[in-house]
Amino acid sequence: MRLPLAVLLFWLIAALTAPLLELAPDAIALDKILAGPSASAWLGHDDLGRDLLSRLLAGARISLSVAAVVTAVTFSIGTAIGLIAGYAGGWLDRVLMHVTDVFLAFPGILLAIAFAAVLGPGIPNLILALCLTSWVGYARLTRAQAMSLRQRQHVLAAQSLGASTLRIMVRHMLPLLAAPLLVEMTFSVASLVIAEASLSFLGLGIQPPHASWGAMLRDGVRYLLVAPHDVLVVGLSLMSLVLAINLLGDKLRDILDVKR
Amino acid sequence: MKAMSALAAGLLFSRLAGTALTVFGVLLLTFLLVHLVPGDPVDVMLGESATAADRTQLRSDLGLDRPLPAQFADYLGRLAKGDFGRSIHTHAPIADLLAVRVPATARLALLALALALSVGLPLGVVAALSYQSALDKAAVFAALTVSAMPHFWLGPLLMLVFALWLPWLPVSGMELPGAILLPALTLACGLAAILTRMTRASLLEVLNEDFVRTARAKGLPERVVILRHALKAALLPVVTVVGLQLGSLLAGAVITETVFGWDGVGRLLVESIEKRDYPVTQACVLVIALTYVLVNLMTDLIYARIDPRVRSGA
């Protein structure tokens, strides 16, 4: 597990320190258009002669920031909805679960594509489109867990002592949900990184001149046959990050003994 | 016996009712999409240069000047007659566009499914039977790696290998023979990876069960134990996965078709977004989502037919 951890840490540090590195991700060099890797530019240049390594690091910052913001928002909203549905039960639970059913009826990132399409491109709309679609997983998981938790002795005890509903949910149920939610969050971050890249690849997410892995692949594919290094470098980076997160998620699931 | 079939009928009815409710929600959400456009959708669709007359015309064509519930009722009424409206761009009926694009996507998805099944199932079985061997570990690692490769990276990679370095297959397009292979392979890889992992996990679990031990204790040859007893039970959960993943294939087709210039529903969706042709966008999203819902329903029904535990209502 050392290698996946090292890979994840590498990208996290790259994302955090990118502004300190004096990168020039937007500097155009017309004499270096699509130039391959060299001593001065380890990973080569893109279709505008921009340094790929700089753009890759700057792109990691944007991709991971988007994933972090969306995760913070959807985790809070999804968990809250799941807790309310699972604890309250009855008609509220049925309505909320039918809503999640409708969201789950759109396969993969189709709904995010649809939202991004009507909202228009740009980072705020990208974040909104991803938030609108990725709370569902947290809600379903929390609801299922909360339904069994509300029968537990300590919850019944808290109820008979007159604890408020909010207090029971936050103090007596949420801590017991931490392990499965943490595992869910790990896999969700990996799929958010892919979703952000997919939308940007389709031209619906992050717009030029901002560096984003998806948008870089979009440009790279256009020149795939003359300059394959562009696509290879960006794709390998994306794959390394996603694979690292997924492997760590599997490990985490084993350690915390969470069943899916 | 009679009580059991009543139970099964009840399950079937509640499943159908749930699906109907979901379909209604999908229709409502797709209908509301156009109303999520920031500002006036007519302005966004027609652009700055449109005349006031054009705007008014489009607004009344799309019914946007009427109250929302009336618009929704109208939308459902037209869909019931198979009328998806017209493209704002080409004025062609969207149903005609779909009639061309849906079969192209269906061909791609079915070939991908066939490829994935013919690789994923045997690989999963072999991996499970040689549990913890080098072969098993290699299969698990390959499956993990492939599932971390999104279509917009795997597609170009296959293009590089099979169209550039080994010039065997056409890079993109639909005309040349064999052009379907690369996009189908791109879609198939992820599914094959999931099938390998599922088949392997499922078979490993079944191999520890009592009925397998009984079959072995009876002295049946290992081949019969695996093929006739273990595999039959192990493949049941895989049926559900295939159903769920067939829908994801359709979503994956959006990107794969764009990468390879394959004129299916997915590419139509992306083109319509680029042209701000919202009625077409709406229709594509609806067709993909409804297909997914129907495939899931069918999977559940098939599962209920083939699993003796569900069939008897136990």
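Our subject is the structure that appears above.
A brief look at the structure comes next. (Residues numbered from 1 in each chain as written. Chains lettered and ligands numbered in written order. Predicted model: local features only at pLDDT ≥ 70, side-chain atom pairs only at ≥ 80, totals over all residues.)

Topic: the overall build of chain B
Then, in step 1: If you tally the helices and strands in chain B, you get 13 helices and 0 strands.
Then, in step 2: Residues classed as buried in chain B amount to 36% of the 314 residues present.
Then, in step 3: Within chain B, contacts between residues separated by at least 24 positions form 70% of all contacts whose residues are at least 6 apart in sequence. (Helix = DSSP H or I, 4+ residues; strand = E, 2+ residues; numbered from the N terminus. Buried ≥ 20, exposed ≤ 12 C-beta atoms within 10 Å, placed from the backbone. Contact = placed C-beta atoms within 7 Å.)

A short note on the overall build of chain A
Then, in step 1: A tally of regular secondary structure across chain A gives 10 helices and 0 strands.
Then, in step 2: The principal-axis extents of the C-alpha atoms in chain A amount to approximately 75 × 40 × 30 Å.
Then, in step 3: Evaluated residue by residue, chain A yields a buried proportion of 47% over its 260 residues.
Then, in step 4: Summarising the internal contacts of chain A: among those between residues at least 6 apart in sequence, 69% fall at separations of at least 24.

Some points on helix 1 (residues 2-17) of chain A
Then, in step 1: An ideal rise of 1.5 Å per residue puts 22 Å on 16 residues; helix 1 of chain A measures up with 22 Å between its terminal C-alpha atoms.
Then, in step 2: The secondary structure elements touched by the buried residues of helix 1 of chain A are helix 2 (52-88) and helix 10 (228-256) of chain A. (Expected span 1.5 Å × (residues − 1).)

Some words on the interface of chain B and chain A
Then, in step 1: Taken together, the contact between chain B and chain A spans 39 residues of the former and 33 residues of the latter.
Then, in step 2: Counting residues per element, the ones that place at least two in the side of chain B that touches chain A are helix 1 (2-33), helix 6 (134-147), helix 7 (151-165), helix 10 (222-260), helix 11 (265-274) and helix 12 (278-306) of chain B.
Then, in step 3: No other element matches helix 10 of chain B, which puts 9 residues into the side of chain B that touches chain A.
Then, in step 4: Residue composition of the side of chain B that touches chain A, grouped by class: 31 nonpolar, 8 polar and no charged. (Nonpolar A, V, L, I, M, F, W, Y, C, P; charged D, E, K, R; others polar.)

Focus on unusual backbone geometry
Residue and element names in this part refer to chain B.
Then, in step 1: You will see that His-91, though not glycine, has its phi angle at about 65°, which is positive.
Then, in step 2: Tracing the chain through its elements places His-91 in the loop between helix 4 (68-80) and helix 5 (94-129).
Then, in step 3: Of note in the backbone geometry, Gln-132 takes a positive phi value of approximately 70° without being a glycine.
Then, in step 4: Relative to the helices and strands, Gln-132 resides in the loop between helix 5 and helix 6.
Then, in step 5: The exposure class assigned to Gln-132 is exposed, which follows from the 9 C-beta atoms found within 10 Å.

What to know about helix 9 (residues 210-217) of chain B
Then, in step 1: Among the 8 residues in helix 9 of chain B, 0 count as buried, and that is only a small part of the element.
Then, in step 2: One or two residues past the end of helix 9 of chain B sits Gly-219 of chain B, with phi positive at roughly 90°.

Side note on the environment of Ser-134 of chain A
Residue and element names in this part refer to chain A.
Then, in step 1: Inspection of the secondary structure assignment puts Ser-134 in helix 5 (residues 123-134).
Then, in step 2: By C-beta crowding, Ser-134 is classed as buried, having 25 other C-beta atoms within 10 Å.
Then, in step 3: For the pair Ser-134 and Val-231, spaced 97 residues apart in sequence, the C-alpha separation works out to 28 Å.
Then, in step 4: The residues contacting Ser-134, other than those within four sequence positions of it, are Val-70, Thr-74, Ser-188 and Leu-192.

Notes on the packing of helix 2 of chain A against helix 8 (residues 165-201) of chain A
All names here are of chain A.
Then, in step 1: Relative to each other, helix 2 and helix 8 sit at 140°, their axes nearing to 9 Å. By the angle class used here, helix 2 and helix 8 are oblique. Pair helix 2 / helix 8 crosses with right-handed handedness. Contacts between helix 2 and helix 8 involve Ser-63, Val-66, Ala-67, Val-70, Thr-71, Phe-75, Thr-79, Leu-83 and Tyr-87 on the former and, on the latter, Met-169, Met-173, Leu-181, Met-185, Ser-188, Val-189, Leu-192, Val-193, Glu-196 and Ala-197.
Then, in step 2: Split into classes, the residues belonging to the contact of helix 2 with helix 8 amount to 14 nonpolar, 4 polar and 1 charged. (Axes fitted to C-alpha atoms, helices over the stretch in contact; angles between N-to-C directions. Parallel < 35°, antiparallel > 145°, perpendicular 65-115°, else oblique. Left-handed = near helix turned anticlockwise from the far one by under 90°.)

So, the environment of Leu-56 of chain A
Then, in step 1: As for its placement among the helices and strands, Leu-56 of chain A is situated in helix 2.
Then, in step 2: Ignoring any residue separated from it by four or fewer positions in sequence, one finds Leu-56 of chain A in contact with Leu-43, Val-233, Val-234 and Ser-237 of chain A.

Section: the environment of Thr-196 of chain B
Residue and element names in this part refer to chain B.
Then, in step 1: In this structure, Thr-196 sits in helix 8 (residues 181-207).
Then, in step 2: For Thr-196 and Ala-143, which are 53 residues apart along the polypeptide, the C-alpha to C-alpha distance reads 6.9 Å.
Then, in step 3: For Thr-196, the residues in contact, after removing those within four places along its chain, are Gly-120, Leu-123, Gly-124, Ala-127, Ala-139 and Ala-143.

Shape descriptors only; they carry no functional weight alone.
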